[in-house]
Amino acid sequence: MPLSWKDSLCQTLKLFKKSNAEPARICILGVGNDLRGDDSAGLIVARKLSAEETLRGAANVLVLEGGPAPENQTGKLRAFQPELVILIDAAHLDEAPGTVQFIPLEFIDGMSASSHSLPLSMLARYITLEFNCQVEVLGIQPAQNEINSELSHPVRKAVDEIVYIMITLLQTTLDL
């Protein structure tokens with residue numbers, strides 16, 4: 001049985017916990033479109049994480065809002081030099097709305113629920129090669145992505161859970 005997204009995230013973060021004085025550099029990049037309901041899920045996760053005092057003061061954690069053109073954040077990534085980038089986006093997972101899953105990079109072609117200017121698969125490959133870092137994609141199954149709609153209840157619950165789990169795991173595994 002595959003690991004839950006929470007267990008996968010915990011294992012991934014533990015791999016990046018270092019015993020020396022330099023903590024691992026981790027970037028969380030929220031992707032999506034504010035005007036398309038559940039497609040904004042990744043952006044809302046990024047906003048909530050950015051508002052968290054513990055993470056805001058952490059020199060080794062960078063939280064970015066990528067919007068519909070996350071490739072525009074590569075300059076900030078270059079300056080930060082991450083070892084791990086976690087892309088968070090709405091994605092068609094063929095699951096119930098609000099389902100959260102890590103998506104293997106080889107399966108992200110065409111999976112995004114939003115219309116990004118550059119496919120996430122290309123962005124992930126670019127980040128991996130350009131910054132010599134690991135890239136993970138956390139997908140959230142949307143209920144809808146209608147223009148000018150609100151975040152659906154199941155996706156709102158998923159966003160809140162992701163934020164809580166990320167804060168907890170980042171604090172405990174990275175000693176923030």
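Structure's up top.
Read on for a plain summary of the structure. Small disclaimer: the values here were computed from a predicted structure and weren't measured.

Things to note about helix H5 (residues 120-131)
In step 1: Between its terminal C-alpha atoms H5 stretches 16 Å, which fits the 16 Å expected from twelve residues at 1.5 Å a residue.
In step 2: When H5 is considered as a whole, its buried residues turn out to be Leu120, Ser121, Leu123, Ala124, Ile127 and Phe131. For H5, the buried positions fall inside an angular range of 165° around the axis, keeping them on one side.
In step 3: Structurally, H5 contributes buried residues whose contacts are with strand E1 (26-31), helix H4 (74-80), strand E3 (84-90) and strand E5 (134-140).
In step 4: Positioned one or two residues after H5, Asn132 has a phi angle of 50°, which is positive.

Focus on the side chain of Gln141
In step 1: Here Gln141 shows up in the loop between E5 and helix H6 (153-173).
In step 2: One polar contact links the side chain of Gln141 to the main-chain amide nitrogen of Leu93, over a distance of 2.6 Å.
In step 3: Among the polar contacts made by the side chain of Gln141, one reaches the main-chain amide nitrogen of Asp94 at a distance of 3.2 Å.
In step 4: In this structure Gln141 touches Ala91, His92, Leu93, Asp94, Glu95, Ala96, Pro97, Gly98, Thr99 and Val155, once residues within four positions along its chain are discounted.

Description of the packing of helix H1 (residues 5-15) against H6
In step 1: Put simply, H1 and H6 touch, their axes get as near as 10 Å, and they point 30° apart. It follows that H1 is roughly parallel to H6 by the angle criterion. Crossing handedness for the pair H1 and H6: right-handed. Of the residues in H6, those in contact with Trp5, Lys6, Leu9, Cys10, Leu13 and Lys14 of H1 are Glu161, Ile162, Ile165, Met166, Leu169, Leu170 and Thr173.

Points about H6
In step 1: Compared with an ideal rise of 1.5 Å per residue, which puts 21 residues at 30 Å, H6 spans 30 Å between its outermost C-alpha atoms and is within 8% of the ideal.
In step 2: Buried within H6 we find Val155, Ala158, Val159, Ile162, Val163, Ile165, Met166, Ile167, Leu169, Leu170 and Thr173.
In step 3: Two residues or fewer after H6 comes Asp175, characterised by a positive phi angle close to 55°.

Thoughts on the environment of Leu15
In step 1: One can find Leu15 in helix H1.
In step 2: A residue is classified by how much of its surface remains accessible, and Leu15, at 67% relative accessible area, is exposed.
In step 3: Between the alpha carbons of Leu15 and Pro119 there is a distance of 27 Å; along the sequence they are 104 residues apart.

A few points about the sheet that holds E3
In step 1: Strand order in the open sheet formed by five strands is E2-E1-E3-E5-E4, and the pairing between neighbours is mixed. Since the sheet does not close on itself, it has two edges, and those belong to strand E2 (61-67) and strand E4 (100-103), each with one partner. With direction set aside, neighbouring strand axes in the sheet form an average angle of 20°.
In step 2: The sheet contact formed by E3 and E5 spans seven bridges and is parallel. In the sheet register, Leu87 faces E5, and the bridge partner there is Val137.
In step 3: Contacts from H5 reach E1, E3 and E5, with the element oriented near 170° to E3.
In step 4: Across the face of the sheet, H6 comes into contact with E1, E2, E3, E4 and E5 while running at roughly 145° to E5.

Observations concerning the nonpolar core
General note: in soluble globular proteins, nonpolar side chains tend to be found buried as a group.
In step 1: Among the nonpolar cores identified, the biggest contains 36 residues, and Leu9, Leu49, Ile88, Leu138, Ile162 and Met166 are the most heavily contacted of them.
In step 2: Breaking this core down by element, the ones donating at least two residues are H1, E1, helix H2 (41-51), E2, E3, E4, E5 and H6.
In step 3: Examining the composition of this core, we find that ten residues originate from one element, H6, more than from any other.
In step 4: Ile88 has contacts with Ile28, Leu29, Gly30, Val31, Gly42, Val45, Leu138, Ile140, Ile162 and Met166, leaving out every residue within four places of it along the chain.
In step 5: Ala91, Ile108, Ala124 and Cys133 belong to the second-largest nonpolar core, a separate cluster that totals 21 residues.

What counts and how
Residues numbered from 1 in each chain as written. Predicted model: local features only at pLDDT ≥ 70, side-chain atom pairs only at ≥ 80, totals over all residues. Heavy atoms only, no water. Helix = DSSP H or I, 4+ residues; strand = E, 2+ residues; numbered from the N terminus. Expected span 1.5 Å × (residues − 1). Buried < 20%, exposed > 50% of the residue type's maximum accessible area, 1.4 Å probe, protein only. Arc of directions from axis to C-beta. Contact = heavy atoms within 4.5 Å. Polar contact = N/O pair within 3.5 Å; in protein donor to acceptor, adjacent residues only side chain to side chain. Axes fitted to C-alpha atoms, helices over the stretch in contact; angles between N-to-C directions. Parallel < 35°, antiparallel > 145°, perpendicular 65-115°, else oblique. Left-handed = near helix turned anticlockwise from the far one by under 90°. Pairing = 2+ DSSP bridges. Core = buried A, V, L, I, M, F, W, Y, C linked by side-chain atoms within 4.5 Å.

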